[in-house]
Amino acid sequence: MKTELVFATNNAHKLHEIRAILGNDYLVHSLSEVGCFDEIRETGDTLQANAEIKARYVSERYCCTCFADDTGLEVDCLQGAPGVYSARYAGEDCNSERNIDKLLAALGGTENRAAQFRTVIALAENNCLLFFEGVIRGRIAFERSGEGGFGYDSVFVPDGYDKTFAELPPEIKNSISHRAVATKKLVAYLMNK
Ligand code: IMP
């Protein structure tokens, strides 16, 4: 029998990625698939706090096991910015393109472009809360390359590669990414319960 879980997101890219990582033993429902159309405000000032807010909200209201993730791009020479504010980095009218423009402008010509993606997954079940973290180190490219992926993928080059996440085949990104690392920890936990 498949294990049913709710992933507190409607992001099609993330759902696709996580379903590919979890495989056939799991049935992962999105928020809209369980009828949740509420705006869950991410008011925390850490990745962990925001993941907890989303997982708890859905688990409590829909009486289900729910996990939620929150991800930040943390750039060393920007003291970890944009971090928890990655989605809204460019302000009110932000989108991925504007966020990347702001990031490239903030870095200018600096050679120290080391950065990491960090994902925290919160799993809420039966009033218990667990956290799983995944990190991938890399660097920010001087300009965009590649068409795949989403968010900051076109400017993030993972360590050990000379291509951005947007240029790498999705199978490679899905096997090494911050979300993959955090998800593998989640899966290991679920399988050993
Ligand atoms: P979220 O917490 O997953 O919604 O992500 C916050 C921000 O980080 C958003 O702007 C996303 O576009 C970006 N982001 C999250 N995951 C990735 C990724 O795998 N690649 C590139 N950007 C990402």
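We now turn to the structure provided with this report. (Residues numbered from 1 in each chain as written. Predicted model: local features only at pLDDT ≥ 70, side-chain atom pairs only at ≥ 80, totals over all residues. Heavy atoms only, no water.)

### Focus: the overall build of the protein chain
- Regarding its fold elements, the protein chain presents 5 helices and 7 strands.
- Put simply, the protein chain runs from its N terminus to its C terminus through helices and strands in the order β-α-β-α-β-β-α-β-β-β-α-α.
- Taken against the 2.2 N^0.38 rule, which gives 16 Å for 193 residues, the C-alpha radius of gyration of the protein chain at 17 Å falls within 12% of a compact globule.
- With the principal axes as the frame, the protein chain shows a C-alpha extent of 50 × 35 × 25 Å.
- Relative to its full complement of 193 residues, the protein chain shows a buried share of 45%.
- In the protein chain, the proportion of contacts linking residues at least 24 apart, taken out of those at least 6 apart, comes to 54%.
- Accessible surface computed for the protein chain: about 9800 Å², of which carbon and sulfur atoms make up 48%.
- Across the protein chain, 21 positive and 28 negative side-chain charges occur, with their mean positions spaced 2 Å apart. (Helix = DSSP H or I, 4+ residues; strand = E, 2+ residues; numbered from the N terminus. Rg over C-alpha atoms; globule rule 2.2 N^0.38 Å. Buried < 20%, exposed > 50% of the residue type's maximum accessible area, 1.4 Å probe, protein only. Contact = heavy atoms within 4.5 Å. Areas by Shrake-Rupley, 256 points an atom, 1.4 Å probe, with all protein chains shown as cover. Lys, Arg positive; Asp, Glu negative; His and termini not counted. Charge placed at Lys NZ, Arg CZ, Asp CG, Glu CD.)

### A look at the site of the ligand
- Residues in contact with the ligand amount to 13 residues; listed here are only the nearest, Lys14, Asp70, Asp153, Lys173 and Arg179.
- Between the ligand and Lys173 there is a distance of 2.8 Å, counted from an oxygen atom to a side-chain nitrogen or oxygen.
- A distance of 2.8 Å is found between an oxygen atom of the ligand and a side-chain nitrogen or oxygen belonging to Arg179.
- Compared with its free state, where it exposes 470 Å², the ligand has 89% of that area covered by protein. (Near = heavy atom within 4 Å. Polar contact = N/O pair within 3.5 Å; in protein donor to acceptor, adjacent residues only side chain to side chain.)

### Re unusual backbone geometry
- Residues Ala81 and Pro82 are joined by a peptide bond in cis, for which omega reads -5°.
- The phi angle at Asn127 is positive, at roughly 65°, despite the residue not being glycine.
- As for its placement among the helices and strands, Asn127 is situated in the loop between strand 5 (114–125) and strand 6 (128–140).
- Judged by its relative accessible area of 77%, Asn127 falls in the exposed class.

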